[in-house]
Amino acid sequence: MNRTGVSLGGGSLRGVAHIGVLKELMDNGIEITHLAGTSAGAVVGGLFACGMDPEIMHRVVQDLPVRRHIDIGFNRKGLIKGDRIYQSLLKWTDGKYFSDLSIPFAVICVDLISGEMVVIDSGEVALAIRASIAIPGVFSPVEMGKRLLVDGYILNNNPADIVREMGAEHVTSVRVKGSIIHQPSNLFSVLNRYIDIASQKNTDRCLRENADILIDIDLEDIGRFETKSLLKVIELGQLEAKKVLTQHVHEEQNKVVYLDQWLQKVR
């Protein structure tokens, strides 16, 4: 496998694990033909599609002033206005549009008006990413025409199907998760767990039907918004990708097809 389309799932700040995965793919000379992401996956995928090397992303994360991107907005549709993160996204993407990209890229959102999934593959990349990270109640939604767009997490948190529809012959999906589930202790954690369950069912079905290779990154007890572990998360992402790719190579090398089996396949 020297060429593959890639789908990157959401995971809040834990989604920086995707940076390590992309670095490992590049280190192995694997060409990414198509790319789609939801939420954090849209951020990392968008920066990569706009030409930012994973090494540079690593440095951005290392120096990222998370608190400076929190602009509280009262009387809005979300706690955080999102203007500051949007300005940073404009800078990181060089203000590029989807038509400027050399890698076909798509961003997944949900329209609060129609209740439908929206796939954005045209217009300004930074604005599309900003819409895909708009966690309802946390970030203000993004208005695009008659649409009110938010995070695509609930309907398609890992768009392997979209990558396939974009024309990828082979799809590699990256899923970030935490295997340690705590007893919900407050209203926010109860709602969060409720949404997680619904999203997980949709994601599992999508990956089963569309992903050729799944890189599962289990971050165990690392929290969604835990800033102190960001660099560790990137390293864990690269390590897991290395394990999966090595295993895949060994399987290919050790696979013996006998003549009668081959004849049955080509008849």
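Residues numbered from 1 in each chain as written. Predicted model: local features only at pLDDT ≥ 70, side-chain atom pairs only at ≥ 80, totals over all residues. Heavy atoms only, no water.

Caption draft 1: Here's a closer look at the pattern of salt bridges. For the coordinates displayed, the defined rule picks out seven salt bridges. Here Asp204 ties to Arg175 by a salt bridge, and the two come within 2.8 Å at their closest N and O atoms. In this pair, Asp204 is assigned in helix 7 (residues 187-210) and Arg175 in strand 9 (residues 171-177), connecting sequence segments 29 residues apart. Asp216 is the salt-bridge partner of Arg175, the closest N and O atoms lying 2.7 Å from each other. Taken together, the residues Arg175 in strand 9 and Asp216 in strand 10 (residues 213-218) connect sequence positions 41 residues apart. What you see here is one network of salt bridges that share partners, running through Lys23, Asp27 and Glu55. (Salt bridge = Lys/Arg side-chain N within 4 Å of Asp/Glu carboxyl O. Helix = DSSP H or I, 4+ residues; strand = E, 2+ residues; numbered from the N terminus.)

Caption draft 2: Expanded view of the pairing of strand 2 (residues 31-38). Of all eight residues that make up strand 2, seven are buried, and the element is covered over most of its length. Taken together, the five bridges between strand 1 (residues 3-8) and strand 2 define a ladder with parallel strand orientation. If you follow Ser7 over to strand 2, its bridge partner there is Ala36. Chirality of the crossover, the property in question, places the unit of strand 1, helix 1 (residues 17-27) and strand 2 among those that are right-handed. In this structure, strand 2 lies alongside strand 4 (residues 105-111), joined through four bridges in parallel fashion. Across the sheet, the residue bridging to Ala36 is Ala106, located in strand 4. (Buried < 20%, exposed > 50% of the residue type's maximum accessible area, 1.4 Å probe, protein only. Pairing = 2+ DSSP bridges. Right-handed = clockwise from strand over helix to strand, strands pointing away.)

Nothing here speaks to function; it is all geometry.
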